[in-house]
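What follows is the residue order along each chain.
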There are 2 protein chains.
Amino acid sequence: MLRVVIIGSGNVAQHLARVFSKSEDSKLVQAFARKPQNLLHVLSAEQVTDNVNDLVEADVYIIAVSDDAIAEVSSLLPFSGRLVVHTSGSVHLDAADNRNRRGVFYPLQTFSKKKQVDFHVVPICLESENAADYKVLEQLARTISGIVYPVSSAQRQALHVAAVFVSNFVNHMYDLGGEICNDNAIPFDILKPLIKETADKIQEMPPREAQTGPAVRNDIKTIARHVNFIKDNNLKELYTLLTQSIQSKNGEKL
Amino acid sequence: MLRVVIIGSGNVAQHLARVFSKSEDSKLVQAFARKPQNLLHVLSAEQVTDNVNDLVEADVYIIAVSDDAIAEVSSLLPFSGRLVVHTSGSVHLDAADNRNRRGVFYPLQTFSKKKQVDFHVVPICLESENAADYKVLEQLARTISGIVYPVSSAQRQALHVAAVFVSNFVNHMYDLGGEICNDNAIPFDILKPLIKETADKIQEMPPREAQTGPAVRNDIKTIARHVNFIKDNNLKELYTLLTQSIQSKNGEKL
């Protein structure tokens, strides 16, 4: 059974600690945290250390810290030649200290502290310096998820940008829609089935094909009414730019 | 049992014809279509007429045609004093001919011809000129959906703009994310669990609270890397504007 150590105590570290501590196919042997209390709702006090010199042997060390801290944290590890991976969507494999065998273990999901995540459907994007380590990482990833992909550092950079569009920007669209509802005494709940259906649709068909609305129909009257309705200048600019962007991608349909 | 006639043969008309023809609590007595063949996969030939003078009596006539055609189609009906509603998200109740009792029956959902919709969870937004007609519309709506809201024409205009943000613009974000994947030999499937989780999250918490990513973290390095990574100027402008918009709404978190 693969032994794993988690380094870090933030959002991703906490989610990983929870899922690995529940896994029956891998063993979370320890976690390192400068603030051990952040992990004590998931792990017992004996499982957590705040001293790097106390780190035990493991097959994989997962550094789940902020992007900026990866280089430093990896350089502080008091051992060499072991498999040490980070979890960042945007940091190159090379950023970690090269005394250890480097890799990436990037769970592509949006993690909030308040909401538990079903890890079985979280894609784990893996990268390593050599094929043997890839196999170890793949075996480890499969103990918590059914979806595992090899993703190079260059691809991961692209994937991270794509994830910003389909998750962070999408959530912001929800936020803006909710604000319009709120300003007009409409409950946000009324939009929730539409939000769900819009997300469900692209599980079955490409988004280009699923596109609906005034922009793709080139419904100039409705677009003009909407732009006129929106008073906030930033919102107006966003509406116009997004409408143009939809039209530029769907030119053949117009 | 309420008797309903559907006028129109487009996307929404087809979805309504399907769901009303299956309902056991209301009766679709007829449909009118200039091109009856558009409805023959849902209704029998005897149920469809292309002559307004053949329209039978019903409790509610639902005009499901394009926004621009509502005024004209409603003026062509050869009767008066009956309850006639349109299904548009953005056309005022007053736009219909006033010889009949006017109303709105707006199903707030994204309809594609290729994907069936579970109407039980489609919010139906209702409006009428008087309270008695509202009760009829509410009774009719409840034969196909569990979610019914009173929504004024002014609110419906706002709701339609909000729907463009949370559905049309969201789908376009999926499209842009998919394009980035495609350009970098990454399967779009890898983003699907993230898309689902992002939509699921706001069923439980407000979008403002669910916001994650470099913009809300004010992670300047990652934002700069992303802007640098994006070569297409329109995409770059969108990324920048959306990042700024997130930051302006989440100022207190930064």
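All residue numbers refer to positions counted from 1 along the written sequence of the respective chain. Chains carry letters from A onward and ligands carry numbers from 1 onward, assigned in written order. In view of the model being predicted, local features appear only for residues whose pLDDT reaches at least 70, and side-chain atom pairs are presented and counted only at 80 or more, with totals across whole chains, interfaces and linings using the full set of residues. Neither water nor hydrogens contribute to the side-chain values; these are computed over all heavy atoms in the structure.

Undergrad: What's the story with the sheet that holds strand β2 (residues 26-32) of chain A in this structure? I'm lost.
TA: Hydrogen bonding along the main chain pairs the strands of a sheet, whether they run parallel or antiparallel. Residue and element names in this part refer to chain A. Paired strands, as defined in this entry, are two strands with at least two bridges between them according to DSSP. Only runs of H or I of at least four residues qualify as helices and only runs of E of at least two qualify as strands under DSSP, and these elements are numbered from the N terminus. Read from one edge to the other, the open sheet built from eight strands follows the order β3-β2-β1-β4-β5-β6-β7-β8, with strand pairing classed as mixed. Each edge of the open sheet is held by one strand with a lone partner, namely β3 (48-49) and β8 (148-150). Two elements, strand β5 (residues 83-86) and strand β6 (residues 101-107), share four bridges in a ladder whose sense is parallel. What sits directly across from Leu83, in β6, is Arg101. Pairs of residues are marked as contacts when any of their non-hydrogen atoms sit within 4.5 Å. For helices, the axis comes from a line fit to the C-alpha atoms of the stretch in contact; other axes are also lines fit to C-alpha atoms, and the angle between any two N-to-C directions lies between 0 and 180 degrees. Contacting β1 (2-7), β2, β4 (60-63) and β6, helix α1 (residues 11-22) runs over the sheet at an angle of about 155° to β1. Of the strands in this sheet, β1, β2, β4, β5, β6, β7 (124-128) and β8 touch helix α3 (residues 131-142), which is tilted by about 160° from β7.

Undergrad: In this structure, what is going on with unusual backbone geometry? I would like to understand it.
TA: Only a minority of non-glycine residues have a phi that is not negative, and only a minority of peptide bonds are not trans. Residue and element names in this part refer to chain A. Backbone geometry at Ala185 places phi at a positive 55°, although glycine is not the residue there. Along the chain, Ala185 falls in the loop between α4 (153-183) and α5 (192-204). Positioned with a positive phi, Asn218 is a non-glycine residue whose angle comes to about 50°. Considering the arrangement of structural elements, one finds Asn218 in the loop between α7 (214-217) and α8 (220-229). Overall, the relative accessible area of 34% leaves Asn218 in the partly exposed class. A 1.4 Å probe rolled over the protein chains alone gives each residue an accessible area, and that area as a share of the maximum for its type sets the label: buried under 20%, exposed over 50%, partly exposed in between.

Undergrad: Is there a simple way to think about the environment of Asn250 of chain B in this case?
TA: Residue and element names in this part refer to chain B. Its place among the elements puts Asn250 in the segment after α9 (233-249). Among the residues examined, Asn250 registers a relative accessible area of 0% and is labelled buried. In contact with Asn250, not counting residues within four places along its chain, are Arg208, Gln211 and Val216.

Undergrad: Would you take a moment to explain the relation of the copies chain A and chain B for this structure?
TA: Copies of the same chain, two in number, are related to each other by a rotation about an axis and a translation along it. In this comparison the copies share one frame, found by least squares on the C-alpha atoms of residues holding pLDDT of at least 70 in both. By a simple turn and slide, chain A fits onto chain B: the slide is 0.0 Å along the axis, the RMSD is 0.0 Å, and the turn is 180°. Taken together, the turn and the small shift mark the pair as related by a two-fold rotation axis. Across chain A, the rotation axis passes nearest the C-alpha of Val170 of chain A, at a separation of 2.6 Å. When you check the interface residues of chain A against chain B, 100% turn up at the interface there too, and the contact is symmetric in its surfaces.

Undergrad: In this structure, what is going on with the interface of chain A and chain B? I would like to understand it.
TA: Where the parts come together, the accessible area they lose is often given as the size of the interface. Of the residues lining the interface, 91 residues belong to chain A; the matching set on chain B comes to 91 residues. Note on definitions: buried area is the accessible-area loss of two parts on being combined, 1.4 Å probe, summed for both. Carbon and sulfur atoms supply 66% of the area buried between chain A and chain B, which totals about 8800 Å² over both sides. Each reported salt bridge corresponds to a side-chain nitrogen of Lys or Arg within 4 Å of a carboxyl oxygen of Asp or Glu. Summed over the shared surface of chain A and chain B, the result is ten salt bridges. The partner of Arg208 of chain A in a salt bridge is Glu179 of chain B, with the nearest N and O atoms 3.2 Å apart. Pairing of N or O atoms within 3.5 Å defines a polar contact, subject to two protein rules: one partner must be a possible hydrogen donor and the other a possible acceptor, and residues neighboring in sequence count only if both atoms are side-chain atoms. Counting across the chain A and chain B interface gives 36 residue pairs in polar contact (both at pLDDT 80 or more). Among the secondary structure elements, those contributing two or more residues to the side of chain A that touches chain B are α4, α5, α6 (207-210), α8 and α9 (233-249) of chain A. Broken down by element, the side of chain A that touches chain B gets its largest block of residues, 25 residues, from α4 of chain A.

Undergrad: It is not clear to me how the sheet that holds strand β3 (residues 48-49) of chain B should be interpreted in this structure. Could you clarify?
TA: Residues and elements named next belong to chain B. Sheet architecture is open: eight strands sit in the order β3-β2-β1-β4-β5-β6-β7-β8, paired in mixed fashion. The sheet is open, and its two borders are formed by β3 and β8 (148-150), each paired with just one other strand. Where helix α3 (residues 131-142) meets the sheet, its contacts fall on β1 (2-7), β2 (26-32), β4 (60-63), β5 (83-86), β6 (101-107), β7 (124-128) and β8, and the angle it forms with β7 comes to roughly 160°.

Undergrad: Would you mind showing me how to read the packing of aromatic side chains here?
TA: We describe a pair of aromatic rings using the distance from one ring centre to the other and the angle between the two ring planes. Each aromatic pair joins two rings of Phe, Tyr and Trp (for Trp, the six-membered one) with centres within 6.5 Å, and gets the label stacked for planes under 30 degrees apart, edge-to-face for over 60, and tilted for any other angle. Counted according to the given criterion, the structure contains twelve aromatic pairs over all chains. Between the aromatic rings of Phe111 of chain A and Phe119 of chain A, the centroid separation amounts to 5.8 Å while the plane-to-plane angle is 25°, which identifies the pairing as stacked. Seen in terms of ring centroids, Phe165 of chain A and Phe169 of chain A are 5.0 Å apart; in terms of plane orientation they differ by 85°. Their pairing is edge-to-face. Note that Phe165 of chain A and Phe169 of chain A are positioned in helix α4 at a spacing of four residues, about one turn of the helix. Take Phe165 of chain A and Phe169 of chain A: they sit in the same class, and that class is buried. In this structure an aromatic cluster arises from ring pairing among Phe165 and Phe169 of chain A together with Tyr239 of chain B. A positively charged side chain is recorded as over a ring if its NZ (Lys) or CZ (Arg) lies within 6 Å of the ring centre. The angle to the ring normal must also be within 35 degrees. Taking NZ or CZ as reference, Arg82 of chain B lies 4.2 Å from the ring centre of Phe79 of chain B, over its face.

Undergrad: Just checking my understanding: could you explain the environment of Val136 of chain A for this structure?
TA: Residue and element names in this part refer to chain A. Its place among the elements puts Val136 in helix α3. For the pair Val136 and Leu2, spaced 134 residues apart in sequence, the C-alpha separation works out to 8.3 Å. Filtering out sequence-adjacent residues up to four positions away, Val136 remains in contact with Leu2, Val60 and Leu83.

Undergrad: What's the story with the pairing of β4 of chain A in this structure? I'm lost.
TA: Moving residue by residue along a regular strand, the side chains alternate between the two faces of the sheet. All names here are of chain A. By the alternation rule, side chains of β4 split into Val60 and Ile62 and Tyr61 and Ile63, which are all buried. Note: β1 against β4, four bridges, orientation parallel. Paired with Val5 across the two strands is Tyr61, which belongs to β4. The sheet contact formed by β4 and β5 spans three bridges and is parallel.

Undergrad: I keep staring at the packing of α4 of chain A against helix α5 (residues 192-204) of chain B and nothing clicks. Help me out?
TA: Helix packing geometry: the angle between the two helix axes and the distance between the axes. Here α4 of chain A crosses α5 of chain B at 20°, and the two axes come no closer than 9 Å. Classified by the angle their axes make, α4 of chain A and α5 of chain B are roughly parallel. Between α4 of chain A and α5 of chain B lies a crossing whose hand is right-handed. Counting all contacts with α4 of chain A, which are made through Ala163, Val166, Ser167, Val170, Asn171 and Tyr174 of chain A, the residues of α5 of chain B involved are Leu194, Ile195, Thr198, Ala199 and Ile202 of chain B. Polar here means any residue outside two lists: the nonpolar Ala, Val, Leu, Ile, Met, Phe, Trp, Tyr, Cys and Pro, and the charged Asp, Glu, Lys and Arg; Gly therefore counts as polar. Of the residues belonging to the contact of α4 of chain A with α5 of chain B, the class tally is eight nonpolar, three polar and no charged. Here the angle decides the label: under 35 degrees means roughly parallel, over 145 means roughly antiparallel, 65 to 115 means roughly perpendicular, and every other value means oblique. When the near helix sits turned anticlockwise from the far one by under a right angle, the crossing is termed left-handed; a clockwise turn instead gives a right-handed crossing.

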